[in-house]
Amino acid sequence: EKLPKENQPLDHPLAHVVKLQTSASTVMPGVRPGVAGVRDPGNVVNAFKLLMRREQNVSRMGRFTKSECCHIARHYLPSKSRIVDQMHSKAYIGQFNKQGDTFIGCFQNKSIRLYDTETDFKLRKEVQARGLRWTITDTSLSPDQRWLVYSSITPIVHMVNMASSGATSIANVTDIHETLDFGPDQCGLYGRQGIWSLEFSHDGREIAAGMGAGDPALCLLDMDTGKVTVRVRGHRDDVNAVRYADASSNILFTGSDDRMCKVWDRRILGSTSGAPVGVLLGHTEGITHIDSKGDGLHLISNGKDQAVRLWDIRKMLNPSEAREALQRWHFPQFHWDYRCMDYPGVGLAIRHPRDCSVQAYRGHRVLETLIRCYFSPMHTTGQRYIYTGSHEGSVHMYDVVTGKEMRKLDAHISTVRDMSWHPTLPLLVSVSWDGTIRRWDHQR
């Protein structure tokens, strides 16, 4: 089946919600000034008219509504780039902290660099990671911003105190990098497992980790005891992505090379037993990353089938239905290695017969590494956009509602694995295998 020329508009209730979150208030015909109008999601109102209505107090609020702020800010997309740092090593991780005043960049040469975004990305601290195999696979900051954890293709996670003094943190020399062992046999760095993804719970009491490299599992580690309390082997291949669904930290999402996203309820998981509450089928190749919308219902996943998929967990299958579907239905599968080969299905839409995703966004390339995807910030864009890295060295932005590619940011000369949108500014930072960290600002 041939691919459509363009991604299709979203036909789902989420489309209407996103439109309302990013639309401006308009005054209905015949309504006298001073009476609040209604929002027309399809209407585009320029900033001058919105300012005029605010001065006239049309909404009787004396200020912009949150949706009006997003309506203005979502049009100021990042577009112009400049290099803020360059290393002679591949960059794997690049993320803002929750406040947006710190950016974290991780390189294959064991360097974790923290930049002060309020002083034009001045280097604040450099951490020399320890106990790595190949590279740093993921990092996560605790909710209080005090602890940074980093993982590699080992069962050991290291934890660094961000409040420690000094511009350089070298393990066991200038700083103590505490170890957290996720391995089942407590064999430390010599274990055969690896960690591809990890995240602090929203209360900071647990760390969730996606395991692989021979022993795929979802693991939860209690921060008070430093011990793994849950180890569930619910996937048949590497667990490349794990995310908490919302602030309650009760629901988790996982994505794996077995082509499935699974939904887990923390409250019913035993120490070594437990089944997912639902399975999301749709990807025809392995999943590289997951991001939650934060509402407990919606998530996106990036896949080696060269598509970002949007999901609603209310459409998920129960585990028995998923098993039956996998036994009954078959679809073309390619025997290829995405680390060194091009995707064999270019130009074709290999559709899963039990696809329960609500939308797919295509145009980027997922090759060589676990390329990531995210929702744009709620504060400035109302999560109107999805953005992802790409193998050809670009960042792609898709409109959640229309399905169209809104912008393609080209400047890197190698794979963009990770990127992060500032929570309150029209600023995006991307990291690439060309060793550069680039900031993208809106061009006036």
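Here, the structure is the one placed above.
Because the structure is a prediction, the values reported are computed rather than measured.

## Structural notes on the overall build of the protein chain
When its secondary structure is counted, the protein chain shows five helices and 31 strands. Taken over the C-alpha trace, the protein chain has a radius of gyration of 22 Å; the compact-globule value for 444 residues is 22 Å, and the two agree within 12%. Taken over the C-alpha atoms alone, the protein chain extends approximately 75 × 60 × 45 Å along its principal axes. Burial status across the protein chain gives 57% buried among its 444 residues. Element-wise, carbon and sulfur atoms account for 50% of the exposed surface of the protein chain, whose accessible area totals about 19300 Å². Of note, the protein chain has its 56 positive side-chain charges centred 4 Å away from the centre of its 48 negative side-chain charges.

## As for the packing of aromatic side chains
Evaluated as defined, the whole model comprises twelve aromatic pairs. The interplanar angle of 35° and the centroid separation of 5.9 Å between the aromatic rings of Y361 and Y398 together place this pair among those described as tilted. Pair noted here: Y361 is in strand β24 (residues 359-362) and Y398 is in strand β27 (residues 394-399), with a separation of 37 residues, a long-range link. What makes Y398 buried here is its relative accessible area of 0%. Ring geometry for Y374 and Y387: centres 5.6 Å apart, planes at 35°, overall tilted. Here Y387 lies in strand β26 (residues 385-389) and Y374 lies in strand β25 (residues 373-375), a separation of 13 residues in the sequence. Grouping residues by exposure puts Y374 and Y387 together as buried. Lying over the aromatic face of W433, K90 brings its terminal NZ or CZ to 4.0 Å of the ring centre. Above the plane of the ring of Y338 lies K304, whose end atom (NZ or CZ) is 3.9 Å from the centre.

## Comments concerning the sheet that holds strand β30 (residues 427-432)
Strand order in the open sheet formed by four strands is β3-β31-β30-β29, and the pairing between neighbours is antiparallel. Both outer strands of the open sheet, β3 (80-86) and β29 (416-421), are each paired with one neighbouring strand and no more. The sheet shows a mean angle of 25° between the axes of neighbouring strands, taken without regard to direction.

## Overview of the state of the cysteines
This structure, assessed with the given rule, holds zero disulfides. The thiol of C69 is unpaired, and the distance to the nearest cysteine sulfur, on C70, comes to 6.9 Å. This cysteine, C356, is not joined by any disulfide, and C261 carries the nearest cysteine sulfur, 8.8 Å off.

## Points about the sheet that holds strand β21 (residues 287-292)
Taken together, four strands build an open sheet; the order of strands is β21-β22-β23-β24 and the sheet is antiparallel. Two strands bound the open sheet, and with one partner strand each, they are β21 and β24. Each strand axis lies, on average, 20° off the axis of its neighbour in the sheet, ignoring direction. Looking at chain direction, strand β23 (residues 307-312) and β24 are connected through four bridges and run antiparallel. Bridging from a neighbouring strand, V308 pairs with Y361 of β24.

## A short note on the side chain of S301
The topology assignment puts S301 in strand β22 (residues 298-303). Reaching out from S301, the side chain makes a polar contact with the side chain of H283 at a distance of 2.7 Å. Here S301 is in contact with C261, H283, I287, H289, I290, A307, V308, R309, W311 and C373, once residues within four sequence places are set aside.

## Concerning the side chain of S89
The residue S89 is located in the loop between β3 and β4 (91-96) in this model. Looking at S89, its side chain comes within polar contact range of the main-chain nitrogen of N109, at 3.0 Å. Ignoring any residue separated from it by four or fewer positions in sequence, one finds S89 in contact with F107, Q108, N109 and G435.

## As for unusual backbone geometry
The residue S249 is not glycine, and still its phi comes out positive at about 60°. Relative to the elements of secondary structure, S249 occurs in the loop between β17 (239-244) and β18 (251-256). With a phi angle near 55°, Q383 is a residue other than glycine that sits in the positive phi range. Summarising the element assignment, Q383 is placed in the loop between α5 (378-381) and β26. Residue classification places Q383 among the buried positions, given a relative accessible area of 8%.

The rules behind the values
- Residues numbered from 1 in each chain as written.
- Predicted model: local features only at pLDDT ≥ 70, side-chain atom pairs only at ≥ 80, totals over all residues.
- Heavy atoms only, no water.
- Helix = DSSP H or I, 4+ residues; strand = E, 2+ residues; numbered from the N terminus.
- Rg over C-alpha atoms; globule rule 2.2 N^0.38 Å.
- Buried < 20%, exposed > 50% of the residue type's maximum accessible area, 1.4 Å probe, protein only.
- Areas by Shrake-Rupley, 256 points an atom, 1.4 Å probe, with all protein chains shown as cover.
- Lys, Arg positive; Asp, Glu negative; His and termini not counted.
- Charge placed at Lys NZ, Arg CZ, Asp CG, Glu CD.
- Phe/Tyr/Trp six-rings, centres within 6.5 Å; stacked < 30°, edge-to-face > 60°.
- Lys NZ or Arg CZ within 6 Å of the ring centre and 35° of its normal.
- Pairing = 2+ DSSP bridges.
- Axes fitted to C-alpha atoms, helices over the stretch in contact; angles between N-to-C directions.
- Disulfide = S-S within 2.5 Å.
- Polar contact = N/O pair within 3.5 Å; in protein donor to acceptor, adjacent residues only side chain to side chain.
- Contact = heavy atoms within 4.5 Å.

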